[in-house]
Amino acid sequence: MTKPNVLVARATFPDVLERLQQQFEVESNQDDTIFSTEELHRRMQGKDAVIMTSSERLSAEVIAANTHLKAICNVAVGYNNIDVAAASNAGIMVTNTPDVLNETTADYAWTLLMANARRVSESEHFLRAGKWTNWRFDQFLGADVHGATLGILGMGRIGQAVARRSMGFDMQVIYHNRSRLAPELEARANNARYVGKEELLRSADHLVLVLPYSAETHHVIGAAELALMKPTATLVNIARGGIVDDVALIAALREKRIASAGLDVFENEPALHPDFLTLPNVVLTPHIGSGSEKTRRAMADCASANLVAALSGERPPNLINPQVLK
Ligand code: 8YV
């Protein structure tokens, strides 16, 4: 029997690839070449399924030209890089990798929050530049984390994991979400209190964004929202570029209308707005929120399991568009 054909569009762990090769004819990309849309389209010819990351975009146009695919398996929880409606119309299954990254990504939100509040990047740059010639009492004074109000916009599984971690810091948690959590989930999330978006922005000392990106969440944090925040507040974005209007954020940071930002995601990444690099009051990282060895392995395994199920005629565990099975 001929094996199904699979494209693994980005480099992955060699053992994960080997396991896929035992079951499928695999075209891999261990050099991790970034394929243009045309190249990705060309390589998807004759393939039954593709494994890709959120860096690859599959527009309605590309999907319409590849309706022979049975499954698109994203190695990410977010799937705004894929036109899911177009895939559903074409009867193509789309899968993601939820849950396995919740705790690691929540850890990372805290990494950025604390680095931000205590000016870790800024003071390290100062030290590395050889400018630390004198200890000073008022040097790099930051904001406290303990006892502060933690605001969370987007209270899904990762948002709740961020909230749980605040217990040890005696923080008050407020959140805004499309819908209010069940009381038992609020209780587990350090007694998080549901508030309107405006109250969240006005009251948070540290605001963490954990929203999925969509047309509805495009620029939910723009000039008007930043203007509501405290001048001492810090902002963390571990979710997606495009949720924040980067130009408006740069202006707010430059004019110290908020204290600082910790950003792991950017509009048009990896080509972030160059002005970010000129600001002292930012911590900037290259989209590494889920990047622990253990979690990236779990994500690769999860995407493989989805692919194997899809090509074996079973329901993939993380199917986003179950309507295609009807
Ligand atoms: C991915 C992410 O590693 O899961 C997501 O949505 O943003 C990250 O965890 C990255 O997007 C690569 O696909």
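The model shown is predicted, which means the values in this text are computed figures rather than measured ones.

Trainee: Outline a nonpolar patch on the surface, listing residues and values.
Mentor: Taken together, the side chains of Leu127, Trp132, Trp135 and Phe137 present a nonpolar region at the surface, about 580 Å² in accessible area. Secondary-structure assignment places tryptophan 135 in the loop between helix H6 (120-128) and strand S6 (149-153).

Trainee: Would you mind going over the sheet that holds strand S9 (residues 206-209) in detail, with residue names and values included?
Mentor: With parallel pairing, the seven strands of this open sheet are ordered in space as S8-S7-S6-S9-S10-S11-S12. The open sheet is flanked by strand S8 (193-194) and strand S12 (282-284), the only strands paired with a single partner. Where strand S11 (residues 260-263) lies against S12, three bridges are found, and the strand directions are parallel. From the neighbouring strand, leucine 263 faces S12, where its bridge partner is leucine 284. Together, S6, S9, strand S10 (234-237), S11 and S12 form the strand contacts of helix H5 (residues 102-117), whose direction differs from that of S10 by roughly 150 degrees.

Trainee: Help me get a handle on the packing of aromatic side chains, residues and values and all.
Mentor: Inspection of every chain in the model, using the stated rule, returns five aromatic pairs. Judged by centre distance (6.3 Å) and plane angle (65 degrees), the ring pair of tryptophan 135 and phenylalanine 137 falls under edge-to-face. The pair tryptophan 135 / phenylalanine 137 is uniform in exposure class, with both members exposed. The ring of phenylalanine 13 has arginine 297 lying over it, and the distance from NZ or CZ to the ring centre is 4.2 Å.

Trainee: Mind laying out the pairing of S10, listing which residues take part and the relevant values?
Mentor: Judged by which residues are buried, S10 turns out to be covered on both faces: Thr234 and Val236 on one side and Leu235 and Asn237 on the other are all buried. Taken together, the four bridges between S9 and S10 define a ladder with parallel strand orientation. Within S10, the residue paired with leucine 207 across the bridge is leucine 235. Each parallel crossover has a hand, and for S9 linked through helix H10 (residues 223-228) to S10 it is right-handed. Here S10 runs beside S11; their pairing, made up of four bridges, is parallel. The residue of S11 that forms the bridge with asparagine 237 is leucine 263. With helix H11 (residues 246-254) bridging S10 and its parallel neighbour S11, the resulting β-α-β unit is right-handed.

Trainee: Before we move on, could you go through unusual backbone geometry and cite the residues and values that matter?
Mentor: Backbone torsion omega between glutamate 269 and proline 270 reads 10 degrees, so that peptide bond is classified as cis. With respect to the helices, strands and loops of the structure, proline 270 is situated in the loop between S11 and S12. Phi is positive for aspartate 99, which is not a glycine, with a value near 70 degrees. Relative to the elements of secondary structure, aspartate 99 occurs in the loop between strand S5 (93-95) and H5. A positive phi angle, near 50 degrees, is found at aspartate 170, a position not held by glycine. Tracing the backbone shows aspartate 170 in the loop between helix H7 (157-164) and strand S7 (172-176). Take aspartate 170: its relative accessible area is 61%, and that puts it in the exposed class.

Trainee: I'd love a proper account of the domain arrangement of the chain, names of residues and values included.
Mentor: On domain assignment, one finds that the chain holds domain 1 (5-100 + 293-325) and domain 2 (102-284). For domain 1 and domain 2, the distance between their C-alpha centroids amounts to 31 Å. Of the residues lining the interface, eight residues belong to domain 1; the matching set on domain 2 comes to five residues. The contact between domain 1 and domain 2 buries some 580 Å² in all, and 37% of this surface belongs to carbon and sulfur atoms. Among the residues of domain 1 in contact with domain 2, Asn80, Asp99 and Thr295 are the three that bury the most area, contributing 69% of the side total. Across the salt bridge formed by aspartate 99 and arginine 157, the nearest N and O atoms sit 3.3 Å from each other. Counting every contact that joins domain 1 to domain 2 gives four residue pairs in polar contact (both at pLDDT 80 or more).

Reading guide: rules and limits
Residues numbered from 1 in each chain as written. Predicted model: local features only at pLDDT ≥ 70, side-chain atom pairs only at ≥ 80, totals over all residues. Heavy atoms only, no water. Patch = residues over 30% accessible without salt bridge, like charges linked within 9 Å, V, L, I, M, F, W, Y side chains within 5 Å. Areas by Shrake-Rupley, 256 points an atom, 1.4 Å probe, with all protein chains shown as cover. Salt bridge = Lys/Arg side-chain N within 4 Å of Asp/Glu carboxyl O. Helix = DSSP H or I, 4+ residues; strand = E, 2+ residues; numbered from the N terminus. Pairing = 2+ DSSP bridges. Contact = heavy atoms within 4.5 Å. Axes fitted to C-alpha atoms, helices over the stretch in contact; angles between N-to-C directions. Phe/Tyr/Trp six-rings, centres within 6.5 Å; stacked < 30°, edge-to-face > 60°. Buried < 20%, exposed > 50% of the residue type's maximum accessible area, 1.4 Å probe, protein only. Lys NZ or Arg CZ within 6 Å of the ring centre and 35° of its normal. Right-handed = clockwise from strand over helix to strand, strands pointing away. Domains from an automatic or database assignment. Buried area = accessible area lost by both parts, 1.4 Å probe. Polar contact = N/O pair within 3.5 Å; in protein donor to acceptor, adjacent residues only side chain to side chain.

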